[in-house]
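Secondary and tertiary structure notes
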Amino acid sequence: MATRYRRFRDISTSERILDSLFLLTIGLGYLFALTHLYFTHSSRDGQPGLSVDDVMIAYYGSHDHSRLGAAINGPMEPNLSSKADKLVILKWLQDGKNEEEYRQKIQPILERDCLTCHRPTINESIPDLSNFEAVLEVTDANGASLPALVKVSHIHLFGIAFAENLGNGAPAK
Ligand code: HEC
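These remarks concern the structure in this document. (Residues numbered from 1 in each chain as written. Predicted model: local features only at pLDDT ≥ 70, side-chain atom pairs only at ≥ 80, totals over all residues. Heavy atoms only, no water.)

1. Some words on the coordination of the iron atom of the ligand
The condition is simple: Water is not part of the atom set, so a site may look incomplete; the donors themselves are N, O and S atoms within 2.8 Å of the metal, or 3.2 Å for Na, K and Ca. Between 85 and 135 degrees for all angles marks four donors as tetrahedral; over 155 degrees for opposite donors together with 65 to 115 for all other angles marks four donors as square planar and six as octahedral; every other arrangement is irregular. A run of H or I in DSSP becomes a helix once it reaches four residues, and a run of E becomes a strand once it reaches two; helices and strands are each numbered from the N terminus.
Note on the iron atom of the ligand: its protein donors are Met76 (SD) and His118 (NE2). The metal-donor distances range over 1.9 to 2.2 Å. Coordination at the iron atom of the ligand is octahedral: its six donor atoms span angles of 84 to 178° at the metal. Of the two residues, Met76 sits in the loop between helix H3 (67–73) and helix H4 (83–94) while His118 sits in the loop between helix H5 (99–113) and helix H6 (132–137), which places them 42 residues apart along the sequence.

Next up, the structure:
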């Protein structure tokens, strides 16, 4: 006779209990992960509710390997006069750093909020943000190394379901 998949009704009661508890635990973890995601990251894109953009901004943004992404998610954030502009810059980084979009959207933000410090005539020791090529130099994602990816995945696999805001340095606002 051909082998038949074992069905739930074929197994013993103790095995049923074990399987049910396993699924229940995973299900609970998933629910908590969703709840966590919702309360921590909804509205990051400026729209109410949770969307794919929120998740992209939260996780790509906070683990952005580019110096620009890290800076505006961290110490340089207070220099932005509008919080919405941070999302504009992060989206531009994600979408491939198009030069035309840079001129339309990014350059005006940098000129207004960053060039008071970030131009070679003022301070040579910090990145020049006064032109496209110079800005690109701080946008290179250096590509995470395999050990770094393993570490981040390890932290996240445990962290997303169980921990509060793990791995995300910036508090949700
Ligand atoms: C008041 C002056 C000042 C303003 C305004 C300013 N920065 Fe900075 N920035 C600094 C200084 C000083 C450093 C170097 C020290 C540091 O890394 O904290 C720096 C470092 C950086 C770096 C490099 C971080 C690294 O990886 O080493 C980036 C990128 C950056 N700033 C982006 C920005 C952006 C984008 C803005 C505008 C929203 C901005 N900064 C506004 C002073 C400023």
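2. Focus on the pattern of salt bridges
Pairing is possible between side chains that carry opposite charge, provided their charged atoms lie close to one another. Test applied: One side-chain nitrogen of Lys or Arg within 4 Å of one carboxyl oxygen of Asp or Glu is enough to make a salt bridge. A simple rule labels every residue: compare its accessible area, found with a 1.4 Å probe on the protein chains alone, to the largest value its type can have, and call it buried under 20%, exposed over 50%, or partly exposed in between.
Scanning all chains against the criterion turns up six salt bridges. Salt-bridge contacts for Arg6 lead to Glu15; the nearest nitrogen and oxygen are separated by 2.8 Å. Judged by relative accessible area, Arg6 falls into the exposed class, the value being 60%. For Glu77, the salt bridge is made with Lys86, and the minimal N-O distance between the two is 3.2 Å. For Lys86, a relative accessible area of 6% puts it in the buried group.

From the geometry alone we can't say anything about function, so treat these as descriptive.
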